[in-house]
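Chain residues, written in single-letter form:
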Amino acid sequence: AGAVVAVAWPSVAIGLLRTALGQIDAWYIGRLGSAELQAVGAASFGVWMVYLLGEVGAVGVQSLSSEAEGAGDRRGGVGAAVTQGAYFSLIAAVLAFALAADPLVAAYLDYLRVTDPAVRAAASSYLVATAKWGGLPLCLDAVAFAGFKGVGETRAALKIAAMAVLLNIVLNGPAIAAFGVAGAAYATNVAAAVAAVVGFSALRRRGVDLAFRPSKKMLKKIVAIGAPVGASGALFTVAYVLMGRTLAGLSATALAALAVGHRIEAVAYTVCEGYCVGVATVVGQWRGAGRRDRGATAAHEAARLGALSMVPVALGLHAFAFSAARVFAPDVAVASMAADYLRVVSFCVPFMAVDAVYDGACVGAQDTRLASICGVVANLGRVPLAAVLASTLGLGVTGVWLSISLSTMLKAPLKWACFSRTSRKT
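Described below are features of the structure shown in this document. What you are looking at is a predicted structure, and each value in this text was computed from that prediction instead of being measured.

Now for a nonpolar patch on the surface. Together, Phe97, Trp133, Phe179 and Tyr186 give the surface a local cluster of nonpolar side chains, amounting to about 440 Å² of exposed area. You can see Phe179 is positioned in helix α6 (residues 154-179). Among the residues examined, Phe179 registers a relative accessible area of 54% and is labelled exposed.

According to the stated counting rule, one finds 11 salt bridges in the structure shown. In this structure, Glu69 engages Arg74 in a salt bridge whose closest nitrogen and oxygen atoms are separated by 2.9 Å. The salt bridge partner of Asp355 is Lys415, with a shortest N-O separation of 2.8 Å. In this pair, Asp355 is assigned in helix α13 (residues 349-364) and Lys415 in helix α16 (residues 397-425), connecting sequence segments 60 residues apart. As far as burial versus exposure is concerned, Asp355 and Lys415 are alike and both buried.

Bringing unusual backbone geometry into the picture now. For Arg113, which is not glycine, the phi dihedral falls at a positive 60°. Looking at the secondary structure, you find Arg113 in the loop between α4 (102-111) and α5 (117-151). Look at Gln366: it is not a glycine, yet its phi comes out positive at around 60°. Looking at Gln366, the relative accessible area reads 18%, which means it is buried.

Estimated volume of the largest pocket: approximately 280 Å³. Lining the largest pocket we find 14 residues, and of these Gly46, Met49, Leu99, Leu104 and Tyr108 sit closest to its centre. Looking at the lining of the largest pocket, the elements with two or more residues in it are α2 (34-70), α4, α5 and α8 (216-250). When its residues are assigned to classes, the lining of the largest pocket shows 12 nonpolar, 2 polar and no charged. One number sums up the size of the second largest pocket: a volume of about 190 Å³.

This next bit is on helix α7 (residues 181-205). Count 3.6 residues to each turn of an α-helix, and residues three or four apart come out pointing the same way. Taking 1.5 Å of rise per residue, the 25 residues of α7 would be expected to cover 36 Å, and the 38 Å separating its terminal C-alpha atoms lies within 8% of that figure. Gly207 sits one or two residues past α7 and shows a positive phi near 90°.

Attention now moves to the packing of helix α3 (residues 74-99) against α8. The N-to-C vectors of α3 and α8 enclose an angle of 80°; their axes lie 9 Å apart at closest approach. One way to sum up the angle between α3 and α8 is to call them roughly perpendicular. Along the contact surface, α3 presents Ala80, Ala81, Gln84, Gly85, Tyr87 and Phe88, while α8 presents Met218, Leu219, Ile222 and Val223. Tallied by class, residues from the contact of α3 with α8 come to 8 nonpolar, 2 polar and no charged.

Turning to the state of the cysteines, a few remarks are in order. One pass over the structure, following the stated rule, counts 0 disulfides. Of all cysteine sulfurs in the structure, the one in Cys418 sits closest to Cys362, which takes part in no disulfide; the separation is 5.9 Å. As a non-bridged cysteine, Cys418 has Cys374 as the owner of its nearest cysteine sulfur, 3.4 Å distant.

Where two aromatic rings form a pair, the distance of their centres and the angle of their planes describe that pair. Scanning the entire structure with this criterion turns up 4 aromatic pairs. Geometrically, the ring pair formed by Phe97 and Trp133 is edge-to-face, given 5.9 Å between the ring centres and 80° between the ring planes. One end of the pair, Phe97, is in helix α3; the other, Trp133, is in helix α5, with 36 residues separating them in the sequence. Note on Trp133: relative accessible area 49%, which makes it partly exposed. Relative to Phe419, the ring of Tyr358 lies with its centre 6.0 Å away and its plane at 35°, an arrangement referred to as tilted. Remark: Phe419 occurs in helix α16 and Tyr358 occurs in helix α13; sequence separation between them is 61 residues. The exposure class assigned to Phe419 is buried, which follows from its relative accessible area of 3%.

Let us look at the side chain of Ser89. Looking at where Ser89 falls in the secondary structure, it is placed in helix α3. Owing to a relative accessible area of 1%, Ser89 belongs among the buried residues under this scheme. In this view, Ser89 contacts Leu136, Cys139, Leu140 and Val143; residues no more than four positions away in its chain are not counted.

What counts as what
Residues numbered from 1 in each chain as written. Predicted model: local features only at pLDDT ≥ 70, side-chain atom pairs only at ≥ 80, totals over all residues. Heavy atoms only, no water. Patch = residues over 30% accessible without salt bridge, like charges linked within 9 Å, V, L, I, M, F, W, Y side chains within 5 Å. Areas by Shrake-Rupley, 256 points an atom, 1.4 Å probe, with all protein chains shown as cover. Salt bridge = Lys/Arg side-chain N within 4 Å of Asp/Glu carboxyl O. Helix = DSSP H or I, 4+ residues; strand = E, 2+ residues; numbered from the N terminus. Buried < 20%, exposed > 50% of the residue type's maximum accessible area, 1.4 Å probe, protein only. 1 Å grid on protein atoms, 1.4 Å probe; cavity = no way out; pocket = protein on both sides within 12 Å on 5 of 7 lines; lining within 4 Å. Points joined across faces, edges and corners; volume = space filled by probe spheres on them. Nonpolar A, V, L, I, M, F, W, Y, C, P; charged D, E, K, R; others polar. Expected span 1.5 Å × (residues − 1). Axes fitted to C-alpha atoms, helices over the stretch in contact; angles between N-to-C directions. Parallel < 35°, antiparallel > 145°, perpendicular 65-115°, else oblique. Contact = heavy atoms within 4.5 Å. Disulfide = S-S within 2.5 Å. Phe/Tyr/Trp six-rings, centres within 6.5 Å; stacked < 30°, edge-to-face > 60°.

What follows is the structure, given as structure tokens:
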């Protein structure tokens with residue numbers, strides 16, 4: 001458990017810094033007006049899909065590189081994993097570019113019932129700027145950071161993440177002034193590209209060999225580990241798109257409120273992801289060292305510590321919900337609805353930590369399929385549950401918020417069962 005925390009706390013700081021990229025965007029865009037803020041909320045689900053493409057490669061790279069580090073093969077094993085992850089990023093970039101096709105973007109906005117011309121134009125520009133030009137740098141950035149996580153050297157990655165955030169702060173204002181809402185995406189893309197270059201250079205200095213040719217076998221292995229997680233995340237996003245349509249029919253400000261809520265909730269989520277990274281690294285390294293039982297013990301201890309440590313975070317999220325929402329939403333109506341969202345989801349934050357811990361444990365054990373299936377079931381279950389709570393029971397937007405919180409609570413015991421099954425099997 002101590003090893004998990006040693007890897008986790010820099011990962012938490014890295015995640016908070018990377019989350020700050022989106023929060024900086026939201027702060028600047030919120031100053032432009034309500035229409036622009038609604039546009040980011042509408043585009044956010046599509047933007048998640050681009051990040052998920054990078055997540056497929058990153059998950060596979062972290063799993064394989066942590067195993068290689070545990071076996072004492074940093075130069076060849078870790079290097080091969082990171083290099084093949086970089087090759088996968090090229091494939092992911094092509095897929096991301098395809099997502100930006102005009103008919104797909106138009107159909108996506110139609111489904112979300114985005115009819116206001118100003119909101120529609122801004123949402124489209126933000127999504128296209130991310131998908132077309134951000135796919136490669138964002139995916140490469142994720143792979144480089146996965147390499148650091150795999151070898152457990154997350155402090156160096158922390159410095160690189162801090163540099164990327166500072167660069168994004170410098171670029172955001174001028175880019176938004178020049179390109180509008182899309183400028184925020186361009187600034188993030190440039191910051192990610194610089195972080196990726198610096199990250200790969202830093203890995204080479206730490207003895208990671210990046211001179212490998214493409215390997216179909218290892219690319220398949222990376223995809224086999226990362227694809228279930230990516231697919232689960234994609235269906236998670238689909239669930240939000242479906243709920244977004246419900247929200248748009250309930251309130252004109254609901255999508256903007258959800259976007260603001262997500263920016264703030266991301267702080268709690270990122271702390272949980274730190275535990276996920278730490279557990280994945282430790283379980284993977286024990287796997288490489290031939291002591292899988294020690295990895296299982298670390299995972300169970302981390303779940304207990306994670307849940308307890310998130311209690312004060314949940315209390316703070318509940319107590320300061322409106323004040324936090326006002327930072328990103330000058331519109332009082334949007335801030336009030338976002339605060340309601342934060343108060344409801346604050347109850348599930350300790351469960352979120354347990355969910356993340358066992359997700360990471362399954363990544364380290366290189367068995368992500370069952371956990372991903374459970375995640376898909378719980379996430380898609382939000383859609384009918386939201387409809388029942390919002391319409392049948394008359395809870396409106398609050399019913400949608402409740403469906404998100406309840407489904408998150410359900411995932412915690414499901415993921416525990418998945419890893420327990422995997423650890424017994426191995």
